[in-house]
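# Working through the structure, step by step
The residues making up each chain are set out below.
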Amino acid sequence: MLTRIYECTDIIADFFVCLLLARYVFLIPPLRTRRAEHLFWLAACLFSCVSGQLFGLLMGHQTMGFCLAIYIYLAQSGQPQRFLRVFQFFPIMGMALALILPLNRIPPLLLRMEPESQATYTLALYTILAIPLNLVMFRCKAQRQAFCEAMKSRRLERWEQGFLYSIGTMMMFFTPTLTLYDFDSLTGDAQLHFIHMTVMSSLVCFLVTLTVIILIMSGGKSVHLKTQVLGMQHNIIAAMADIVENRDENTGGHIKRTAKYVEIIAVNLKVNQLYTNILTDQYIADMIIAAPLHDIGKIHIPDAVLKKQGRFTDEEFQIMKSHTTAGRRLLTRAEGILGKSSYLDIAVQMANYHHEWWNG
């Protein structure tokens, strides 16, 4: 009975670690609804445990891998190359094995535990590891929400994907071999040598995998911090645009409409395959953010000119035209304080040239 419980617990723990890696390291999105996600987890665990009890522990883990592949396929709905993304289950399982097997195998191996003692040890290990996870799930709600918000802005770079897939695939091929040695058939120094080799190899696999995960997660945190900084800069832009709106009653709606015009024109140009070398998604996003600042130089225009009703005199018209160069100087100084950024570069150009003829 204890052995059956141990086998089921081993499969469930492996599946749970795979899901954590899939969600927070490989950044595979969840299913459409939380209810569907929980039902899938429950069905996958039951199916894998039944398979393990009927056909052996190895078959149970293979069934779990099959369920993980289905989960990835369902979660990637609408993504390009959806079928190829299914093969992510392979490196995910490799990294999960590299994390679990050393904890599972090294102490029983060093202590020469009997099968029943090993099962008891494993159950106790999973119980101990489950305690902090439950605390995080039910007691650290604010920290968990902050972490989930940070993960929303995280995107894996190509080199990160290659790194994860390479390490995970290596672990998938190498880690299971650590459990294939028949130590009971060895005696004396040969047995001791193989035990030492297995322990060292397991530790290397565990440390390499853990290091890779920490590096990837640290990169995600850096991206989140960068996103927060960009958000603060965007708020500064909004505040500067509000200053313009408060000075010129006719400007508030105008700057919002201008941003919308920029978005509509730029998106349609891209759809029609025009200026594709310039109009990337990032460039269009920067243009939309920068557009409200095109009239920022009007804060340097005297009220007598800015709010005048009727036609300008020649002198007043020259003063009004100076808002373009004033806006350029203001945004250039802001860029010097806030640091170089793509949307501030565009904002400087918009402020300086938005009254020029399109052909120069």
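In what follows, the accompanying structure is described. Computed from a predicted model, the values in this text were never measured in an experiment.

## Considering the overall build of the protein
Looking only at helices and strands, one finds 15 helices and zero strands in the protein. Here the contacts in the protein between residues at least 6 apart in sequence split such that 73% fall between residues at least 24 apart.

## Quick notes on the side chain of T324
Its location among the elements puts T324 in helix 14 (residues 323–338). On the basis of relative accessibility, which here comes to 10%, the residue T324 falls in the buried class.

## A short note on the packing of helix 5 (residues 89–110) against helix 8 (residues 158–174)
Remark: helix 5 packs on helix 8, axes separated minimally by 7 Å, with the N-to-C direction vectors making an angle of 60°. Judged by the sense of rotation from one axis to the other, the crossing of helix 5 with helix 8 is left-handed. Here helix 5 contributes F90, P91, M93, G94, M95, L97 and A98 to the contact with helix 8, which in turn contributes L164, Y165, G168, T169, M171, M172 and F173. Here the residues of the contact of helix 5 with helix 8 are counted per class, giving eleven nonpolar, three polar and no charged.

## A word on helix 8
Taking 1.5 Å as the rise per residue, helix 8 with 17 residues should run 24 Å; its terminal C-alpha atoms sit 24 Å apart, in good agreement. Residues of helix 8 that are buried include every one of E160, L164, I167, G168, M171 and M172, and no others. End-on view of helix 8: buried residues confined to an arc of 140°, all on one side of the axis. Along helix 8, the residues that are exposed and aim more than 90 degrees away from the buried face are R158, W159, M170 and F173.

## Observations regarding the packing of aromatic side chains
Each aromatic ring pair is specified by the distance between its two centres and by the angle formed by the two planes. Counted according to the given criterion, the structure contains three aromatic pairs. Their ring planes at 15° and their centres at 6.0 Å tell us that F26 and Y165 sit as a pair that is stacked. Taken together, the residues span a long stretch of sequence, with F26 in the loop between helix 1 (2–24) and helix 2 (34–55) and Y165 in helix 8 at a distance of 139 residues. Classification of F26 as buried rests on a relative accessible area of 3%. Ring centres of F40 and Y71 lie 5.6 Å apart, and the angle between their planes is 45°; this geometry places the pair in the tilted category. Here F40, found in helix 2, pairs with Y71, found in helix 3 (residues 57–75); they are 31 residues apart in sequence, far enough to count as distant. This pair shows no difference in class: F40 is buried, exactly as Y71 is.

## What about the environment of T3?
Here T3 is to be found in helix 1. For T3, a relative accessible area of 40% corresponds to the partly exposed category. Spatially, the C-alpha atom of T3 lies 8.2 Å from that of P115, the residues being 112 residues apart in sequence.

## Here we look at the nonpolar core
Membership of the largest hydrophobic core comes to 37 residues, with the highest contact counts inside it found for L21, L68, I92 and L164. Counting residues per element, the ones that place at least two in this core are helix 1, helix 2, helix 3, helix 5, helix 8 and helix 9 (188–247). The element contributing the most residues to this core is helix 5, with eight residues. Discounting residues that sit within four places of it in the chain, L164 has contacts with V25, F26, P91, M95, L156, V212 and I216.

## Looking at a nonpolar patch on the surface
On the surface, F47, F66, I70, Y73, L74, F83, L84 and F87 cluster together to form a nonpolar patch covering roughly 830 Å² of accessible area. Counting residues per element, the ones that place at least two in the nonpolar patch are helix 3 and helix 4 (82–85). Counting residues per element, the nonpolar patch draws most heavily on helix 3, at four residues. Look at F87 and you get partly exposed, because its relative accessible area is 47%.

## With respect to the side chain of H323
Along the polypeptide, H323 turns up in helix 14. Engagement of the side chain of H323 in a polar contact is seen with the side chain of D295, the distance being 3.1 Å. Those residues within four positions of H323 in sequence are excluded, and the remaining contacts are D295, G297, K298, I301, H354 and H355.

## With respect to the packing of helix 2 against helix 3
At a minimum axis separation of 7 Å, helix 2 and helix 3 run at an interaxial angle of 155°. Accordingly, the angle class assigned to the pair helix 2 and helix 3 is roughly antiparallel. When you trace helix 2 past helix 3, the crossing you get is right-handed. Between helix 2 and helix 3, the residues in contact are E37, F40, W41, A44, F47, S48, S51, G52 and F55 and L57, M59, G60, T63, M64, C67, I70, Y71 and L74, respectively. Along the lines of polarity and charge, the residues of the contact of helix 2 with helix 3 split into twelve nonpolar, five polar and one charged.

## Quick look at the pattern of salt bridges
On inspection of all chains with the given rule, the structure shows five salt bridges. Among the ionic pairs, E37 bridges to R23, the shortest N-O distance being 2.2 Å. Note that E37 is positioned in helix 2 and R23 in helix 1, a separation of 14 residues in sequence. When its relative accessible area of 4% is taken as the criterion, E37 is described as buried. The class for R23 is partly exposed, based on a relative accessible area of 21%. A salt bridge links K270 to D281, with the nearest nitrogen and oxygen atoms 2.2 Å apart. With K270 in helix 10 (residues 252–271) and D281 in helix 11 (residues 281–290), this pair connects stretches of sequence that are eleven residues apart. Look at D281 and you get exposed, because its relative accessible area is 57%.

Cut-offs applied
- Residues numbered from 1 in each chain as written.
- Predicted model: local features only at pLDDT ≥ 70, side-chain atom pairs only at ≥ 80, totals over all residues.
- Heavy atoms only, no water.
- Helix = DSSP H or I, 4+ residues; strand = E, 2+ residues; numbered from the N terminus.
- Contact = heavy atoms within 4.5 Å.
- Buried < 20%, exposed > 50% of the residue type's maximum accessible area, 1.4 Å probe, protein only.
- Axes fitted to C-alpha atoms, helices over the stretch in contact; angles between N-to-C directions.
- Left-handed = near helix turned anticlockwise from the far one by under 90°.
- Nonpolar A, V, L, I, M, F, W, Y, C, P; charged D, E, K, R; others polar.
- Expected span 1.5 Å × (residues − 1).
- Arc of directions from axis to C-beta.
- Phe/Tyr/Trp six-rings, centres within 6.5 Å; stacked < 30°, edge-to-face > 60°.
- Core = buried A, V, L, I, M, F, W, Y, C linked by side-chain atoms within 4.5 Å.
- Patch = residues over 30% accessible without salt bridge, like charges linked within 9 Å, V, L, I, M, F, W, Y side chains within 5 Å.
- Areas by Shrake-Rupley, 256 points an atom, 1.4 Å probe, with all protein chains shown as cover.
- Salt bridge = Lys/Arg side-chain N within 4 Å of Asp/Glu carboxyl O.
- Polar contact = N/O pair within 3.5 Å; in protein donor to acceptor, adjacent residues only side chain to side chain.
- Parallel < 35°, antiparallel > 145°, perpendicular 65-115°, else oblique.

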